[in-house]
Amino acid sequence: MSEIPVEAFFDRTVVEQLRVVHSQIAALQAEEIALMTQLYQLRRAQQLDLGVGYLYAGEDTATEIGIALKMSQRAADLAINLGLGLDNRYPATREAFAAGRIDLAQARAISQTLTNVSEDVLAGLETKVAAYAEQADPARIRRTARRWLLETDPEGEAVRRKGAEADRYVSVTAADNGTAVVDAVLPAAGGQTLYERLREMASTQVCGSDPRTTAQRRADALVALADGTGRLTCQCGRSDCPRAEIDATTPAPRKALVQVGVSAETLAGLRDNPALLAGFGAIDADLARQLARYARFDLITDTTTAQMTVPATEPHAACADAGLALRFPAHHTPDQVSAKGIPDRRIPGQTSSTDTPSAETELRYRPGARVAARVRALDGTCRAPGCQIPAAATDLDHQDRFDHNDPLSGGHTTEDNLGARCRRHHRLKTHAENHRNQWRVLHHPNREVEWVTPTGQSVTTQPEGVAFLFPTRFVAPVTAGGVPDAEPHGSVWDPGEAENEMTEMLHVYSTPAQRRGARRAARRARGGSAGSAQHVIHTLKAR
């Protein structure tokens, strides 16, 4: 017998043993959590009998556990809280955890995502999430469960999100050796805006010889934003550093971009399907509409890509089988956005000479702007299993290798042959193609990518953006009228000069029957008068 089959058999045996041990550890973790919870309940009952207040009885159990197990009190508190949730709210999760089908991290992901969800919603969702968790990593559990929750209870999620935003904070505490720890809880869009700005500064404002790591440059960039300089100083020490002398007339660095993928019907208020915030995951429709007020729109249809630049007062456009990729700087003003021009009124699916890729562009290695924008919008994140790096920060990798010596031979630069992959997973695929790591990466229809490990385990990933751009489930528009804000900052829908433009867009993107019904409803609402464009728009939203 050759050595290769023996090694392959040994690999599979080791992986299978690893799965068994991991399952055993998970079951023991579940038992440990249950014992901690039992101890808490015992101590609480004892202390209540002794007259300790209801809010404080049993709280010292975490300290007791910390001493016994040499673990932090916070970790013990988290374990007890999880155990109480498993006992009282998440029976399917408790069963899967006790059987070793999910581990501690997966159980925590379910608990944290479903916290504060009403009992009625939880009853129909927890079993589904627990079953999904058996085949998904914790990060994917959170993202998928959040999307399901938004589809099931959009109004409740919008209220929960606004309550969480009200608890935002930034704190700085002293750490060891002259350092400080900056801790912050920010609204999702604000947090991603900050990270993208730091990433951009770290990668563009110094030369390649700068001795700092990427993490160090991001940290220095945060200080530069606060101390007024607004930019990094290169530390390469070279007299000929291309960044040494900065022309005073050079424009300020480009503002960081935040990207949101949302269906056009949701943006118009006809639906409340969730949107995708790059680098974060699902967000509620109400927040997406707020973010869209100062956005630049890329219209993504099921057959072609059409650019659409929209003034700040025109965030809504109803259209079937179309989604919108929103891109906007962190601090755009309405005047800056309005100056960009009038929306492109092409009907979704209609093409022009600038829309259709030519044979020449397909034979170039780098994709054109339209193809790149569409691929990133459809994929949403890096296509590797468990990777959450936003597609905007990834490479566009050719699935079938591009032949630089003979581009006609295959591997063309087309939408179907491109996928978003972060630099690490781009290397993994390249090494697989060169037979250096025993992985296989297979491309299937509908942009599905299959990743086969060296031991034969297969994981297939779907493009995350598609579910948000082209949702198949209708979610009623319960938040289209606006959820009360924790801090008022203006109406999501601000008609004014946008009425005429919106009326024209609705004529393009809605059916004649929809328009006739909207006009009749508007006349009834106004006592028989014709009705303004604003009333027509709101009636369409209600439909």
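Everything quoted here is computed from the prediction, not taken from an experiment.

J.: Sorry, what's going on with the overall build of the protein here?
T.: For the protein, the helix and strand inventory stands at 20 helices and 13 strands. By the burial criterion, 43% of the 543 residues in the protein qualify as buried. For the protein, contacts bridging at least 24 residues in sequence account for 66% of all contacts bridging at least 6. For the protein, the computed accessible surface area is about 28400 Å², with 53% contributed by carbon and sulfur atoms.

J.: What is the right way to read the side chain of His426 from this model?
T.: Its location among the elements puts His426 in helix 16 (residues 423-433). At 3.1 Å, the side chain of His426 and the side chain of Asp397 are in polar contact. Excluding anything up to four places from it in sequence, His426 contacts Asp395, Asp397 and Arg421.

J.: Explain the nonpolar core to me, please; I cannot follow it from the model alone.
T.: Note on soluble globular proteins: their nonpolar side chains tend to be buried together. Grouped together as the largest cluster of nonpolar side chains are 31 residues, with contacts concentrated most on Phe97, Ile102, Ile110, Leu114, Val129 and Ile141. Looking at this core, the elements that each hand over two or more residues are helix 1 (3-49), helix 2 (61-69), helix 3 (73-88), helix 4 (91-98), helix 5 (104-113), helix 6 (119-133) and helix 7 (138-152). For Phe97, the contacting residues outside a window of four places in its chain are Ala26, Ala27, Gln29, Ala30, Ile33, Leu86, Ile102, Asp103, Leu104 and Ala107.

J.: Mind showing me how you'd approach the pattern of salt bridges here?
T.: Any two side chains of opposite charge can pair, given that their charged atoms come close. What the rule picks out here adds up to 28 salt bridges. One salt bridge in this structure joins Asp210 and Arg212, with 2.8 Å as the shortest N-O distance. The pair Asp210 / Arg212 is uniform in exposure class, with both members buried. Residues participating in the shared-partner salt-bridge network are Arg161, Lys162, Glu165, Asp284 and Asp286.

J.: It is not clear to me how the environment of Arg440 should be interpreted in this structure. Could you clarify?
T.: As for its placement among the helices and strands, Arg440 is situated in strand 11 (residues 440-443). Judged by its relative accessible area of 49%, Arg440 falls in the partly exposed class. It is 9.2 Å that separates the C-alpha atoms of Arg440 and Ser458, two residues lying 18 residues apart in sequence. With residues near it in sequence (within four places) discarded, Arg440 still touches Glu450, Trp451 and Val452.

J.: Is there a simple way to think about the pairing of strand 13 (residues 458-461) in this case?
T.: Consecutive side chains along a regular strand alternate between the two faces of the sheet. Pairing geometry for strand 12 (residues 449-452) and strand 13, over four bridges, is antiparallel. The residue bridging Val452 from the neighbouring strand is Ser458, located in strand 13. Counting the residues that bridge the hairpin from strand 12 to strand 13 gives five residues, and of these Gly456 lies at a positive phi of roughly 95°.

J.: Teacher, can you tell me more about the sheet that holds strand 11 here?
T.: Working definition: the strands of a sheet are paired by backbone hydrogen bonds and lie parallel or antiparallel to each other. The strand order across the open sheet built from three strands is 11-12-13, with neighbouring strands paired in antiparallel fashion. At either margin of the open sheet sits one strand with a lone partner, and together these are strand 11 and strand 13. Each adjacent strand pair in this sheet contributes to an overall mean axis angle of 20°, direction not counted. One ladder, built from four bridges, connects strand 11 with strand 12; its direction is antiparallel. In the sheet register, Val441 faces strand 12, and the bridge partner there is Trp451.

J.: Before we go on, may I ask you to explain the environment of Ala476 in this structure?
T.: Within the fold, Ala476 resides in the loop between helix 17 (464-469) and helix 18 (498-509). A relative accessible area of 40% means that Ala476 is categorised as partly exposed. When the C-alpha positions of Ala476 and Asp272 are compared, they lie 5.7 Å apart, and in sequence the two are 204 residues distant. When neighbours within four sequence positions are excluded, Ala476 is seen to be in contact with Pro154 and Asp272.

J.: Just checking my understanding: could you explain the packing of helix 7 against helix 8 (residues 154-166) for this structure?
T.: When two helices pack together, you describe them by how their axes are tilted relative to each other and by the distance separating the axes. One can describe the packing of helix 7 onto helix 8 by two numbers: an axis separation of 5 Å at closest approach and a directional angle of 120°. Facing Leu149, Leu150, Glu151 and Thr152 of helix 7, the residues of helix 8 in contact are Pro154, Glu157 and Arg160. Class assignment of the residues belonging to the contact of helix 7 with helix 8 gives a composition of three nonpolar, one polar and three charged.

Each value, and the rule that gives it
- Residues numbered from 1 in each chain as written.
- Predicted model: local features only at pLDDT ≥ 70, side-chain atom pairs only at ≥ 80, totals over all residues.
- Heavy atoms only, no water.
- Helix = DSSP H or I, 4+ residues; strand = E, 2+ residues; numbered from the N terminus.
- Buried < 20%, exposed > 50% of the residue type's maximum accessible area, 1.4 Å probe, protein only.
- Contact = heavy atoms within 4.5 Å.
- Areas by Shrake-Rupley, 256 points an atom, 1.4 Å probe, with all protein chains shown as cover.
- Polar contact = N/O pair within 3.5 Å; in protein donor to acceptor, adjacent residues only side chain to side chain.
- Core = buried A, V, L, I, M, F, W, Y, C linked by side-chain atoms within 4.5 Å.
- Salt bridge = Lys/Arg side-chain N within 4 Å of Asp/Glu carboxyl O.
- Pairing = 2+ DSSP bridges.
- Axes fitted to C-alpha atoms, helices over the stretch in contact; angles between N-to-C directions.
- Nonpolar A, V, L, I, M, F, W, Y, C, P; charged D, E, K, R; others polar.

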